[in-house]
Each structure stands twice: as C-alpha cells, then as structure tokens.
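The residues making up each chain are set out below.
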Amino acid sequence: MPSQLPALNQWVDEVARRTRPAHVHWCDGSDAEHAALVARMEATGDLLPLSPDTHPRCHLHRSHPSDVARVEHLTYVCTRDPRDAGPNNHWMEPAEAHAMMDALFDGCMQGRTLYVIPYCMGPVDSPLARCGVEITDSPYVVANMRLMTRMGAAALARIERDGTFVRGLHSTGELDPNRRFIVHFPEELAIQSYGSCYGGNALLGKKCHALRIASWQARTEGWLAEHMLIVGIEDPRGEVTYVAAAFPSACGKTNLAMLIPPPAFREQGWKVWTIGDDICWMHPGPDGRLYAINPEAGFFGVAPGTGAKTNPNALAMLDRDAIFTNVGLTADNQPWWEGLDERIPAFDWQGRPYDRANGPAAHPNARFTVSARQCPSWSPKMDDPNGVPISAIVFGGRRESLVPLVMQARDWNHGVLLGAAMASETTAAATGAVGVVRRDPMAMKPFCGYNFGDYFSHWLSFGHRGLSLPKIFHVNWFRKGADGRFLWPGFGDNLRVLEWIVGRCRGSRGAVETPVGLLPRRADLDLSGLALPDAALDALLSVDPAGYHREYAAIGEYLDEFGDRVPGALRLEHRKAVALLEQAAAGSAPRAAVG
Ligand code: GTP
Ligand code: SPV
Ligand code: MN
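Predicted model only: the values in this text are computed from it and were never measured.

Participant: For this particular structure, what's the right way to read the overall build of the chain?
Facilitator: Along its length, the chain carries 17 helices and 29 strands. For 595 residues, the compact-globule estimate of 2.2 N^0.38 gives 25 Å, and the C-alpha radius of gyration of the chain, at 24 Å, lies within 12% of that figure. By principal-axis analysis of the C-alpha atoms, the chain measures approximately 75 × 55 × 45 Å. For the chain, buried positions account for 60% of its 595 residues. In the chain, 72% of the contacts between residues at least 6 apart in sequence involve partners at least 24 apart. Taken as two groups, the 58 positive and 66 negative side-chain charges of the chain have centres that lie 3 Å from each other.

This is the structure:
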C-alpha cells in the first residue's frame, strides 16, 4: 500500500476508479522525481527551457489563452445551508455539486498519469500547520506545488500521524471555460477543481485550502486564516516588529513583503524580512498575542511591474529554478514582461512574434513561481513552528480617490469596521472587468469560505477574549492626481508609512484624530530624501468628510446584504463612524492631536 493511512489509500482508489488514469504516481518530493517530471514536460512542450546562461533551470509555461486567472464566477462554496456560504459566495447544493463534478471527472484521466501530492501548509513540525492531499493529472501543477508547499514524504508522514487531511481533486479537463468549476465542500474538508490549470484554481493548497477551507476551520477553532503578507521590520537598534497586511489580489502584497528601504533608512539600519507574501494563519499564543505562520513555502507572484526599481529582491530570486507562466520572451530566450526593462521582446505570452498591436507582451496576470528560500530577504522565522508575534494588522486597497495614505483605527472594533469597509479597484488576477471599485472586506471577498456576516462576528470575537491584540491600520498606495499619475511613490518608500505604524505600536509617534481614524501629520512622517510636492502630501493626508459620508452610506448598504448575520457591534461601529462624519461636516468635529 502506498500510504499507511487506509482512508487515504481508499480515497485514491475511488478517484482512480472514477477518473481511469493510465498510471498512478505517489509524489515523494525528491529531486529525481522533479527531474523526471521536468524532462517529460520539456518533451511535451508544457515547459519551455529558458536560457541556461541567464536563467539556469528556469522554464516558461504558456497556458491555454482562456486559462489565465482565477474564475470567481465559477467558484462555489457548497454548504448544506446556503446561508452558511452567504451572499459573498456562489452556492450550490452539495449533492447537486457532487453529481455535476462526478460527471465531469468520469474517465477524465484516461491516458494520463494521476499524481498524488501529499502536502503540508506550514512548517511540517508546527502545531499550527495543516495538511492536505491533492490528486491531479497535471505535471505542471505538481511542479508548482513542489515550490509552493512542503510536499512529499515528510508531509505524508505527518498526514499518517494526524490521520486527517483536506481532500483536493483536480483535473485539467478540456480547459473549456464552459466546463470549468472550482468547488468547495467545507463540511467535508474537500475541494474539487476541473478545467483550469491556473494557480488559484488548480494549486489547491493555496486559495482553496489555505483560505476557503481554512477560514471555515479557523472560525470554529478560534483562529484566523487571512489573505495577508507577513513581514518583520527591523529598526536601527535591531528590534524586529512583525506586521501582517491584507491587500486584494495584485494590490502590492508581494512587493511590500520584500521591500528594500530607501537609502537614508537603509544607512540607519532599517531592514525588512520576508515571512510571507499572500497567506497568513494567526493563532492566539500563550501570552495572548497573535502568532502568525505563512502556510506556503514559495511565491506565486505577479510578474508585470517587477523591476530593478520596484522590487529588486524579487528579480534576484528569479534568475534560477523558477517557473514563469504567460510572460513574453526575448530573442535570446530570457523571460520578459512590462516593467522589467527597456528591451523589446521577440515573442508575446501566446508565443506570437511580439507586436504592440496585439497588446502587452506578458499577460497582465503573468506569474512567477519560486521557492521562498531564494528571496534575499527570506527570514528563517518562516520555518519557526511557533510563528511570529504580530504587532500591527494593515488593511489596504487600490483607490485612486478619497482614501488617505494611512490611518489608524481607534480600537479593535473600529479596525474591524475599517477592514469590513474595504473596497478596491479590480485587477487582472481574476477574469472580468479591471479597474472597477468593488467591496472587498479584509481582501477576502473571493476567499472567505463562509458568510461574511459570521466572519465579521468572528473578527469581533477576538476583542473580548482578553488578548493583547495588534493595532489596526489602513493604507492606500494608489491615490492619483488630476493628471492620472500616482501621488505616492510607493514600493520602497512605503517603509516611511511602515515606520510610522511601528512607531504608533510603540507609542513613539504622533497622530491627529479625524472622523475616519488617526492620521499622521506631515511632521509625524519621516520624509527625508523624498521629493514630494506639498499639494500631493496634503491630498494624501487629508480627509474628505462629504466623500466619506457617501462611502459609509455605501458600506451601510453593503452590510445590509448580509441581513441579520451582521453583528450588532459592527452596526454600532458603523453608526458611530457616520455620526462622527456628520459632526465633521457640520464643522463641530474634534480634531485633537494625540501625542
Ligand atoms: P496577489 O499575488 O494577486 O495576491 O497580489 P499581491 O497583492 O501580492 O500584488 P503584487 O505585490 O504582486 O502587486 C501587483 C501590482 O501592483 C504589481 O504590478 C506592482 O508593480 C504594483 N504595486 C505594488 N506595490 C505598489 C506600490 O506601492 N505602488 C504602486 N503604484 N504600485 C504597486
Ligand atoms: C491572487 O489572485 O490573490 C493570487 C494569485 O495570489 S492565485 O493564487 O491565483 O489566487
Ligand atoms: Mn493573493
């Protein structure tokens, strides 16, 4: 028997009977296994070798042109009671969903190899980690899972010890968008995905397990599974403050996670350590603080916009042992994307000779997959079984108007409202229109595996458990001026905002109270070495009460969609926010400096 867990062997047998593969392969995660898989994919053209001189052991994968992003409209949460999935999810009755998926999986692996991938989300020796097994017929998925998770023999040994695992079943299918479904059964700890090989749809440890299923488990078990990066910010005295930040897809998590401070800060000794760039599991520790692990082992990052000025750490990790998906190609076989440099590529992401008239060379959601260990700012804390203590939680969105550069919540409940009130312009990470503002609470709109009303209650519940909770902030790097250009330089300069956040956590930085939260005054931010017009800074640090009044009316209507599942305490916090804005509009708002 391939595993010592009868339930696992039985499930693999059942799936093989239904899907009828030519071979079954249990992945051990070894180098030899990886080499054999890569050789096969090179032979089939699934992977194209890149220049061995500049990018040793790197490959390009060109996906089916219709299979380039998450498909939120085809993603379902199947609970017995539709109210448990909530209006934030598409729902299907579990028996109906099983029947539909069974029909799709029937005989779908004929002539293919069925791979069994045991994986662990989090350090294998961590009590906070959780395991799963993904069955797939895609060697590309196996190669990506090997970079993104702790996969193979060690994970299988833990699964055999634990006796439980999340069951993920994936098949490439026909890659037909009309026969493509990503379906979750949280009550069965099961995921089924058919018809897509794109990251979030097919690497089932990531969004499907570590967010949708894990958020469901976290709610019943008293912890949090979030769409957040984790960084350690080291100050000149060598003290490290850990921060978790939730931004929607393609809104800056990877970039912030591996930030290099501006020269003046670097010279003083500031440094950012990378713990995670996409997912964060947080548990209350014995001292009452929240401890976070990154359940992943690699990065599946947005390529376009990654350049020597914006994210040099990312470039440094992408010159070996990486998979590039849907990027362009130079004449000498190097990967290329918009924002990398001034070279002109020879081929676009679909393999056509590059022609500006066909659009960008790289798909806007082109991605790289790489082991986290290759990142120059990699922190050994990534492997710490206990995780890192979080001092600040930061929410943020892509908002060209209204939302200030940074604000701090007055307290935990107000922070939960700031998270719940998040909205952001949509990006190419999901199929559909780009640049449309939509509500995206805690950056979890596509990823919360249960009713958002219950999710808000769960967040609020941390406020009455006697914990030493992190302070909560909200940022916006994406404000634009009348000329359509970003007002804030972003990237490395975001450390100036992080430095204020760290200072607020330690009580060493000032702020001013406004109706929407605590904002830094110009003098509270370290802007040394930054040439920013006064007018830009004024816009970034001011509050528009009338605009916010409209914003809070919209969030009120949004909360109404969740009816009586919305906790009273959040309603109360919302009414408080509206009242403060009304006072401000009437000119009677307090605007007290606080330190
Ligand atoms: P997912 O992997 O989809 O969850 O996304 P992410 O949040 O990790 O986004 P990522 O860091 O990859 O950023 C996406 C895009 O936003 C890239 O094109 C970046 O260049 C751009 N970006 C990131 N940070 C900033 C910033 O501070 N300012 C501006 N203007 N753009 C940024
Ligand atoms: C996102 O879309 O938020 C991602 C990429 O991080 S994916 O893993 O495809 O969801
Ligand atoms: Mn993400």
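Participant: Is there a simple way to think about the site of ligand 1 in this case?
Facilitator: Of all residues adjacent to ligand 1, which total 22 residues, the nearest are Ala250, Lys253, Thr254, Asn255 and Arg367. Arg367 is positioned with one of its side-chain polar atoms (N or O) 2.8 Å from an oxygen atom of ligand 1. One of the side-chain N or O atoms of Arg398 is found 3.2 Å from an oxygen atom in ligand 1. Compared with its free state, where it exposes 660 Å², ligand 1 has 91% of that area covered by protein. Within the residue set of the shell around ligand 1, elements represented by two or more residues are α9 (253–257) and β18 (298–302). Partitioned by chemical class, the residues of the shell around ligand 1 number ten nonpolar, eight polar and four charged. Domain assignment of the residues forming the shell around ligand 1 places at least three in each of domain 2 (299–374) and domain 3 (380–594).

Participant: Honestly, unusual backbone geometry in this entry has me stumped. Any pointers?
Facilitator: With the exception of glycine, most residues fall at negative phi, and the peptide bonds are largely trans. Located in the positive-phi region is Leu175, a residue other than glycine, with phi close to 55°. Looking at the element boundaries, Leu175 is found in the loop between β9 (166–171) and β10 (181–185).

Participant: Explain the coordination of the manganese ion (ligand 3) to me, please; I cannot follow it from the model alone.
Facilitator: Tetrahedral coordination by four donors sets the ideal angle at the metal to 109.5 degrees; octahedral coordination by six donors sets it to 90 or 180 degrees. Here the manganese ion (ligand 3) is held by the protein donor atoms Lys207 (NZ), His227 (NE2) and Asp278 (OD), which lie 2.2 to 2.3 Å from it. One can describe the site at the manganese ion (ligand 3) as irregular: its six donor atoms subtend angles covering 70 to 172° at the metal. The sequence pattern formed by the donor residues of the manganese ion (ligand 3) is K-x19-H-x50-D. Taken together, the residues Lys207 in helix α8 (residues 205–221) and Asp278 in the loop between β15 (271–276) and β16 (280–284) connect sequence positions 71 residues apart. Asp278 shares its class with Lys207; the two are buried.

Participant: What should I look at first to understand the packing of helix α2 (residues 31–44) against helix α5 (residues 139–148) in this one?
Facilitator: Working note: a packed helix pair is described by the angle between its axes plus the distance between those axes. Running from amino to carboxyl end, α2 crosses α5 at an angle of 140°, the nearest separation of the two axes being 10 Å. Viewed along their axes, α2 and α5 adopt a mutual orientation that is oblique. Along this stretch, α2 crosses α5, giving a crossing that reads as left-handed. Contact with α2, carried on its side by Asp31, His34, Leu37 and Met41, involves Pro139, Tyr140, Val142, Ala143 and Arg146 of α5 and no other residues of that element. Among the residues forming the contact of α2 with α5, the class breakdown is six nonpolar, one polar and two charged.

Participant: Is there a simple way to think about the side chain of His414 in this case?
Facilitator: You can see His414 is positioned in helix α12 (residues 412–420). Contacts of His414, omitting those with residues within four sequence positions, involve Ala409, Val516, Gly517 and Glu573.

Participant: Looking at this model, I keep getting lost on the site of ligand 2. Mind explaining?
Facilitator: Not every one of the 13 residues close to ligand 2 is listed here, only the nearest: Arg70, Tyr198, Gly200, Lys207 and Ser249. Arg70 is positioned such that a nitrogen or oxygen atom in its side chain is 2.9 Å from an oxygen atom of ligand 2. Within the contact set of ligand 2, an oxygen atom lies 2.5 Å away from a side-chain nitrogen or oxygen of Lys207. Surface burial for ligand 2 is 98%, taken as the share of its 280 Å² of free accessible area covered by protein chains. Every element with two or more residues in the shell around ligand 2 is listed here: α7 (199–202) and α8. Looking at the shell around ligand 2 residue by residue, the classes come out as four nonpolar, four polar and five charged.

Participant: Would you mind showing me how to read the domain arrangement of the chain here?
Facilitator: Interfaces are often sized by the amount of accessible area the parts lose when they come together. Each domain of the chain was delimited in the assignment, giving domain 1 (6–47 + 67–222), domain 2 (299–374) and domain 3 (380–594). Listed by partner, the interface residues are 29 residues for domain 1 and 26 residues for domain 3. Carbon and sulfur atoms make up 50% of the surface buried where domain 1 meets domain 3, a total of about 2300 Å² over both sides. Linking domain 1 with domain 3 are four salt bridges, by the criterion used here. Between Asp84 and Arg565 there is a salt bridge; the shortest N-O distance is 3.3 Å. The interface formed by domain 1 and domain 3 holds 18 residue pairs in polar contact (both at pLDDT 80 or more) in total. Residue contributions to the side of domain 1 that touches domain 3 peak at seven residues, all from α8.

Participant: What should I look at first to understand the packing of aromatic side chains in this one?
Facilitator: Using the criterion set out here, one finds 21 aromatic pairs in the structure. Measuring from ring centre to ring centre gives 6.3 Å for Phe247 and Trp477, while their planes differ by 90°; the resulting arrangement is edge-to-face. Taken together, the residues Phe247 in the loop between β14 (240–246) and α9 and Trp477 in the loop between β27 (471–475) and α14 (495–506) connect sequence positions 230 residues apart. A ring pair is formed by Phe452 and Phe562, whose centres lie 6.0 Å apart and whose planes are at 70°; its orientation type is edge-to-face. Within this pair, whereas Phe452 is found in helix α13 (residues 452–461), its partner Phe562 is found in the loop between α16 (545–560) and α17 (568–585), the two being separated by 110 residues in sequence. Looking at Phe452, the relative accessible area reads 0%, which means it is buried. Note on Phe562: relative accessible area 4%, which makes it buried. Sitting over the ring of Trp273, Lys271 keeps its end group 4.3 Å from the ring centre. The residue whose ring lies beneath Arg465 is Phe462, and the NZ or CZ to ring-centre distance is 4.8 Å.

Participant: Explanation requested: the environment of Glu93 in the structure shown.
Facilitator: If you trace the backbone, Glu93 turns up in the loop between β5 (90–91) and α4 (94–105). A relative accessible area of 34% places Glu93 in the partly exposed class. With eleven residues separating them in the primary sequence, Glu93 and Pro82 have C-alpha atoms 7.7 Å apart.

Participant: Even after reading the chapter, I still don't get helix α1 (residues 6–19), so can you show me in this structure?
Facilitator: The α-helix winds at 3.6 residues per turn, so residues separated by three or four positions along the chain end up facing the same way. With 14 residues, α1 ought to run about 20 Å at 1.5 Å a step, and its terminal C-alpha atoms sit 20 Å apart, in line with that. Buried within α1 are the following residues: Leu8, Asn9, Trp11, Val12, Val15 and Thr19. Looking straight down α1, one finds that the buried residues subtend no more than 160° of arc, so they occupy a single side. Opposite the packed face of α1, turned more than 90 degrees from it, sit the exposed residues Pro6 and Arg17. For α1, the elements touching its buried residues are β1 (23–26), α4, β6 (113–121), β7 (130–136), α6 (153–162) and β9. Where α1 ends, the next residue or the one after it, Arg20, has phi of about 55°, a positive value.

Participant: Hey, could you run me through the side chain of Ser51 in this one?
Facilitator: Inspection of the secondary structure assignment puts Ser51 in the loop between β2 (48–49) and β3 (59–61). Overall, the relative accessible area of 8% leaves Ser51 in the buried class.

Cut-offs used in this document
Residues numbered from 1 in each chain as written. Chains lettered and ligands numbered in written order. Predicted model: local features only at pLDDT ≥ 70, side-chain atom pairs only at ≥ 80, totals over all residues. Heavy atoms only, no water. Helix = DSSP H or I, 4+ residues; strand = E, 2+ residues; numbered from the N terminus. Rg over C-alpha atoms; globule rule 2.2 N^0.38 Å. Buried < 20%, exposed > 50% of the residue type's maximum accessible area, 1.4 Å probe, protein only. Contact = heavy atoms within 4.5 Å. Lys, Arg positive; Asp, Glu negative; His and termini not counted. Charge placed at Lys NZ, Arg CZ, Asp CG, Glu CD. Near = heavy atom within 4 Å. Polar contact = N/O pair within 3.5 Å; in protein donor to acceptor, adjacent residues only side chain to side chain. Areas by Shrake-Rupley, 256 points an atom, 1.4 Å probe, with all protein chains shown as cover. Nonpolar A, V, L, I, M, F, W, Y, C, P; charged D, E, K, R; others polar. Domains from an automatic or database assignment. Donors = N, O, S within 2.8 Å, 3.2 Å for Na, K, Ca; no water. Tetrahedral: all angles 85-135°; square planar, octahedral: opposite > 155°, others 65-115°. Axes fitted to C-alpha atoms, helices over the stretch in contact; angles between N-to-C directions. Parallel < 35°, antiparallel > 145°, perpendicular 65-115°, else oblique. Left-handed = near helix turned anticlockwise from the far one by under 90°. Buried area = accessible area lost by both parts, 1.4 Å probe. Salt bridge = Lys/Arg side-chain N within 4 Å of Asp/Glu carboxyl O. Phe/Tyr/Trp six-rings, centres within 6.5 Å; stacked < 30°, edge-to-face > 60°. Lys NZ or Arg CZ within 6 Å of the ring centre and 35° of its normal. Expected span 1.5 Å × (residues − 1). Arc of directions from axis to C-beta.

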